[in-house]
Amino acid sequence: MASELHVDAIKHSGGTSALTIDTNGRVKSNNYLFKAYYTQSGAWTSGAGTGGALRFNNTELNQGFDLTNINGTGLIYPPVTGTYFISARFLVDSSTSAGNAYVTIQKNYTGDTATQANNFMATAYPYVSGSTYEAVNVSTLVYLSTSDYFVISKKDNLPYYGDTNHYRYHQVSAYLVG
């Protein structure tokens, strides 16, 4: 015997919405996510956040994250415990020098000591030729509790492209997977 349930929304007994179904039958769940990016006039070489963490001075999307520190310390705290997909991208301006770009996603750590390797969740280390512009991308899945934080960190001395036109060359995003 088959049954049908005719509802537009599913809620917790306390009234918090957990799931919504639109008129086309698409399910929309509440999810935690954000996207932020960095703009600055002229090339830049350091993150300026805690321990060199990168700061992001523009928020494009935000559902549930407390981004109070994203343009200060650069520390980003998750709103709920779970597994998050974290992604970042940057544009290296190696018009004056060549070398390896070095961008990391770090959990509960902002330094660069090799003895703290367990705190490095993902690392991008591509070689960038001189007189070019190259994209650097890094992404990973990370389990975070609400007492954890993550940072995007730049560990190289290469200049990164300055952007005041909001092309989003330097950005970070994260969302709760489960």
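Everything below is about the structure shown above.
The structure contained in this document is the topic of the report that follows.

### Observations regarding the sheet that holds strand E9 (residues 120–124)
So, point 1. Strand order in the open sheet formed by three strands is E9-E8-E12, and the pairing between neighbours is antiparallel. The outermost strands of the open sheet, each flanked by one partner alone, are E9 and strand E12 (150–154). Each adjacent strand pair in this sheet contributes to an overall mean axis angle of 15 degrees, direction not counted.
So, point 2. When strand E8 (residues 103–107) meets E9, the two strands line up antiparallel, connected through four bridges. The residue bridging Val 103 from the neighbouring strand is Ala 124, located in E9.

### Focus on the sheet that holds strand E11 (residues 133–144)
So, point 1. The strand order E5-E4-E13-E6-E11 describes an open sheet built from five strands, whose pairing is antiparallel. Because the sheet does not close on itself, it has two edges, and the strands there are strand E5 (58–63) and E11. Strand-to-strand twist across the sheet, computed as the mean angle between neighbouring axes with direction ignored, equals 5 degrees.

### Some remarks on the environment of Lys 11
So, point 1. By the element assignment, Lys 11 lies in strand E1 (residues 9–11).
So, point 2. Distance from Lys 11 to Gly 25, taken between C-alpha atoms, is 17 Å for residues 14 residues apart in sequence.

### Side note on the packing of aromatic side chains
So, point 1. Scanning the entire structure with this criterion turns up 13 aromatic pairs.
So, point 2. On the basis of an interplanar angle of 75 degrees and a centroid distance of 5.1 Å, the ring pair of Tyr 38 and Trp 44 is categorised as edge-to-face. When sorted by exposure, Tyr 38 lands in the same class as Trp 44, which is buried.
So, point 3. For the ring pair Phe 85 and Tyr 175, a centre distance of 5.5 Å and an interplane angle of 40 degrees mean the geometry is tilted. On the criterion of sequence distance, the pair formed by Phe 85 in strand E6 (residues 82–93) and Tyr 175 in strand E13 (residues 171–176) is long-range, its members being 90 residues apart.
So, point 4. Judged by relative accessible area, Phe 85 falls into the partly exposed class, the value being 26%.

### A look at a nonpolar patch on the surface
So, point 1. A cluster of nonpolar residues, Leu 5, Val 7 and Ile 10, forms a patch on the protein surface that exposes about 270 Å² of accessible area.
So, point 2. Within the secondary structure, Leu 5 sits in the segment before E1.

### Points about the environment of Thr 50
So, point 1. Note that Thr 50 resides in the loop between strand E4 (33–37) and E5.
So, point 2. Under the relative-accessibility criterion, Thr 50 is labelled partly exposed at 36%.
So, point 3. Between the C-alpha atom of Thr 50 and that of Thr 73, which follows or precedes it by 23 residues, the distance is 4.8 Å.
So, point 4. Non-local contacts of Thr 50, meaning those with residues more than four positions away in its chain, are made with Thr 73, Leu 75 and Thr 110.

### Some points on the side chain of Lys 107
So, point 1. Among the structural elements, Lys 107 can be located in strand E8.
So, point 2. A residue is classified by how much of its surface remains accessible, and Lys 107, at 19% relative accessible area, is buried.
So, point 3. Within the local environment of Lys 107, its side chain forms a polar contact with the backbone oxygen of Tyr 143, the two atoms lying 2.8 Å apart.
So, point 4. In contact with Lys 107, not counting residues within four places along its chain, are Asn 119, Met 121, Val 142, Tyr 143, Leu 144, Asp 148, Tyr 149 and Phe 150.

### What about the side chain of Gln 171?
So, point 1. Checked against the element boundaries, Gln 171 lands in strand E13.
So, point 2. By relative accessible area, which is 15% here, Gln 171 ends up buried.
So, point 3. Engagement of the side chain of Gln 171 in a polar contact is seen with the backbone oxygen of Arg 168, the distance being 2.9 Å.
So, point 4. Leave out the neighbours within four places in its chain, and Gln 171 touches Lys 35, Ala 36, Tyr 37, Phe 56, Ser 87, Ala 88 and Arg 89.

Definitions and cut-offs
Residues numbered from 1 in each chain as written. Predicted model: local features only at pLDDT ≥ 70, side-chain atom pairs only at ≥ 80, totals over all residues. Heavy atoms only, no water. Pairing = 2+ DSSP bridges. Helix = DSSP H or I, 4+ residues; strand = E, 2+ residues; numbered from the N terminus. Axes fitted to C-alpha atoms, helices over the stretch in contact; angles between N-to-C directions. Phe/Tyr/Trp six-rings, centres within 6.5 Å; stacked < 30°, edge-to-face > 60°. Buried < 20%, exposed > 50% of the residue type's maximum accessible area, 1.4 Å probe, protein only. Patch = residues over 30% accessible without salt bridge, like charges linked within 9 Å, V, L, I, M, F, W, Y side chains within 5 Å. Areas by Shrake-Rupley, 256 points an atom, 1.4 Å probe, with all protein chains shown as cover. Salt bridge = Lys/Arg side-chain N within 4 Å of Asp/Glu carboxyl O. Contact = heavy atoms within 4.5 Å. Polar contact = N/O pair within 3.5 Å; in protein donor to acceptor, adjacent residues only side chain to side chain.

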